[in-house]
Amino acid sequence: MPAFAELFIGGLMSGLVVGLSALAITLIFGIARFPNAATGDVMTAGAYTALSVAALTDSVIIGGLFGAITGAALAILAYLLVFRKLSGRSSVTNLLASIGIAFFLRAVIGLGFGHQQQVFQLPLERPWRILDVRLQPADLNLVIVAVIALSVVFLILYATPIGRCMRAVADDPGLAKVSGISPSRIMIALWALAGSVSAVAGVMYGIKTVVTPEMGWDMLLPAFAAAILGGIGNPVGAICAGILLGTLQEVATPLVGFTYKIAISFFVLLLVLLVRPRGLFGQIEGVR
């Protein structure tokens, strides 16, 4: 029972990472209307930035902040240099462009940092024991980071003028433009928000495991599966589905093994597309 409880807790941690990356995907899809395959590699860039800054400043918090800034900056650059020029093109065109950006980022990261595994240098802390279940203090810190990140995102979406404009553009782009909402300003804010969320997810994943150039790409399938399971375009659904999927993967590890637990994401993705393409949390829609 303690072993199962520890797997469940580890699954919640993985689920928060999957949920944050799925949230970044669903934010872009809700307004830009295409699945952004570069989300995973923005995660990786954020993790490497945090790792480098943390090594210089001896502070993971400062490193994480710089990682989030890097994610936002990369996302804005991708929009300004690529996706703005592809505005009005098909979703397939934008998807292929995002795959190209993903490969480019991964190649640059590999050249700059190498392909060996790297880890965050964290202080050693004795785990807490509750009813023979071990709880790592670092896990609690990561949960706090995830809660803060989610709180900021949802406050921006539902309690600020820029968030209301984002939801207006998602509901009816034509009417929003007639109403005086600047599409360019909204898109820059959207990409900055999605990029920073992706980077935070990458930093969390890097702290929990290891940092490699392929780490974000490996997380892309679970993130897409969670976004679709939650009803792509639904931010709350993306988080809930990410936590559910991450927990299922970790709990199933003793049955399928560490290497093949990713197959659960593929199975869920296939099942949802076949049985309920609108996801578990409603119909496919824009960010609302």
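Being a predicted model, the structure only gives us computed values, none of them experimental.

### Here's the deal with the pattern of salt bridges
Okay, so step 1: For the coordinates displayed, the defined rule picks out 2 salt bridges.
Okay, so step 2: Arginine 106 is the partner of aspartate 41 in a salt bridge, and the nearest nitrogen-oxygen pair spans 2.9 Å. Here aspartate 41, found in helix 2 (residues 39–57), pairs with arginine 106, found in helix 4 (residues 91–113); they are 65 residues apart in sequence, far enough to count as distant. Note on accessibility: aspartate 41 and arginine 106 belong to one class, buried.
Okay, so step 3: Of the charged contacts in the structure, one is a salt bridge between aspartate 139 and lysine 208, with a shortest N-O distance of 2.6 Å. Here the residue aspartate 139 occupies a position in helix 5 (residues 137–159), and lysine 208 occupies one in helix 8 (residues 183–208), the gap between them amounting to 69 residues.
Okay, so step 4: The class of lysine 208 is partly exposed, set by a relative accessible area of 36%.

### A short note on the side chain of serine 59
Okay, so step 1: Topologically, serine 59 is positioned in the loop between helix 2 and helix 3 (60–83).
Okay, so step 2: Within the structure, the side chain of serine 59 is placed 3.2 Å from the backbone nitrogen of isoleucine 62, a separation counted as a polar contact.

### Some points on the nonpolar core
Okay, so step 1: Residues Leu20, Phe83, Trp191 and Met204 are the most contacted members of the largest nonpolar core, which totals 79 residues.
Okay, so step 2: The dominant element in this core, judged by the number of residues it contributes, is helix 1 (residues 2–32), at 13 residues.
Okay, so step 3: Non-local contacts of leucine 20, meaning those with residues more than four positions away in its chain, are made with Ala146, Leu150, Val197, Val200, Ala201, Met204 and Ile239.

### Describing the environment of alanine 238
Okay, so step 1: Looking at the element boundaries, alanine 238 is found in helix 10 (residues 235–251).
Okay, so step 2: Once the C-alpha coordinates of alanine 238 and leucine 27 are considered, the two residues, 211 residues apart in sequence, prove to be 9.6 Å apart.
Okay, so step 3: In this view, alanine 238 contacts Gly19, Ala22, Leu23, Thr26, Ala226 and Gly230; residues no more than four positions away in its chain are not counted.

### Digging into the environment of threonine 49
Okay, so step 1: Along the chain, threonine 49 turns up in helix 2.
Okay, so step 2: Each residue touching threonine 49, except ones within four places of it in the same chain, is listed here: Phe66, Gly67 and Thr70.
Okay, so step 3: There is a polar contact of 2.9 Å between the side chain of threonine 49 and the backbone oxygen of alanine 45.

### Looking at the confidence of the model for the protein chain
Okay, so step 1: Looking at the protein chain as a whole, its pLDDT mean stands at 85, while 91% of the residues score no less than 70.
Okay, so step 2: Confidence drops under a pLDDT of 50 for residues 284–288, and excluding neighbours within four residues, the segment shows 25 contacts in the predicted structure.

### Structural notes on the packing of aromatic side chains
Okay, so step 1: Going through the model one piece at a time under the given rule, you end up with 7 aromatic pairs.
Okay, so step 2: Between the aromatic rings of phenylalanine 83 and tryptophan 191, the centroid separation amounts to 4.9 Å while the plane-to-plane angle is 10 degrees, which identifies the pairing as stacked. Of this pair, phenylalanine 83 sits in helix 3 while tryptophan 191 sits in helix 8, and the two are 108 residues apart along the sequence.
Okay, so step 3: On the numbers, 6.1 Å between centres and 5 degrees between planes, the contact of phenylalanine 154 with tyrosine 158 is stacked. One end of the pair is phenylalanine 154 and the other is tyrosine 158, both in helix 5 and 4 residues apart, which spans about a single turn.
Okay, so step 4: Through a chain of ring-to-ring contacts, three or more aromatic side chains come together here, namely Phe34, Tyr79, Phe83 and Trp191.
Okay, so step 5: Taking NZ or CZ as reference, arginine 106 lies 4.2 Å from the ring centre of tryptophan 217, over its face.

### A closer look at unusual backbone geometry
Okay, so step 1: Backbone geometry at arginine 33 places phi at a positive 65 degrees, although glycine is not the residue there.
Okay, so step 2: Position of arginine 33 relative to the elements: it lies in the loop between helix 1 and helix 2.
Okay, so step 3: Although it is not a glycine, aspartate 58 sits at a positive phi angle of roughly 60 degrees.
Okay, so step 4: Position of aspartate 58 relative to the elements: it lies in the loop between helix 2 and helix 3.

### Let's talk about the side chain of serine 198
Okay, so step 1: Following the sequence through the fold, serine 198 ends up in helix 8.
Okay, so step 2: Ignoring any residue separated from it by four or fewer positions in sequence, one finds serine 198 in contact with Ala24, Thr39, Val42 and Met43.

### Observations regarding a nonpolar patch on the surface
Okay, so step 1: On the surface, a nonpolar cluster with roughly 590 Å² of combined accessible area is contributed by Trp128, Leu140, Val143, Ile144, Val147, Ile148 and Val152.
Okay, so step 2: The element that contributes the greatest number of residues to the nonpolar patch is helix 5, accounting for 6 residues.

### A short note on the packing of helix 3 against helix 8
Each pair of packed helices can be summarised by the angle the axes make with each other and by the distance between the axes.
Okay, so step 1: The geometry of helix 3 relative to helix 8 is characterised by a closest axis approach of 7 Å and an angle of 140 degrees between their N-to-C directions. With respect to helix 8, the axis of helix 3 lies oblique. Classified by chirality, the crossing of helix 8 by helix 3 is right-handed. Between helix 3 and helix 8, the contacting residues are Val60, Gly64, Gly67, Ala68, Gly71, Ala72, Ala75, Ile76, Tyr79, Leu80 and Phe83 on the first element and Ser184, Met187, Ile188, Trp191, Ala192, Gly195, Ser196, Ala199, Val200, Val203 and Ile207 on the second.
Okay, so step 2: Residues that form the contact of helix 3 with helix 8 fall into these classes: 16 nonpolar, 6 polar and no charged.

Criteria and cut-off values
Residues numbered from 1 in each chain as written. Predicted model: local features only at pLDDT ≥ 70, side-chain atom pairs only at ≥ 80, totals over all residues. Heavy atoms only, no water. Salt bridge = Lys/Arg side-chain N within 4 Å of Asp/Glu carboxyl O. Helix = DSSP H or I, 4+ residues; strand = E, 2+ residues; numbered from the N terminus. Buried < 20%, exposed > 50% of the residue type's maximum accessible area, 1.4 Å probe, protein only. Polar contact = N/O pair within 3.5 Å; in protein donor to acceptor, adjacent residues only side chain to side chain. Core = buried A, V, L, I, M, F, W, Y, C linked by side-chain atoms within 4.5 Å. Contact = heavy atoms within 4.5 Å. pLDDT = per-residue confidence, 0-100. Phe/Tyr/Trp six-rings, centres within 6.5 Å; stacked < 30°, edge-to-face > 60°. Lys NZ or Arg CZ within 6 Å of the ring centre and 35° of its normal. Patch = residues over 30% accessible without salt bridge, like charges linked within 9 Å, V, L, I, M, F, W, Y side chains within 5 Å. Areas by Shrake-Rupley, 256 points an atom, 1.4 Å probe, with all protein chains shown as cover. Axes fitted to C-alpha atoms, helices over the stretch in contact; angles between N-to-C directions. Parallel < 35°, antiparallel > 145°, perpendicular 65-115°, else oblique. Left-handed = near helix turned anticlockwise from the far one by under 90°. Nonpolar A, V, L, I, M, F, W, Y, C, P; charged D, E, K, R; others polar.

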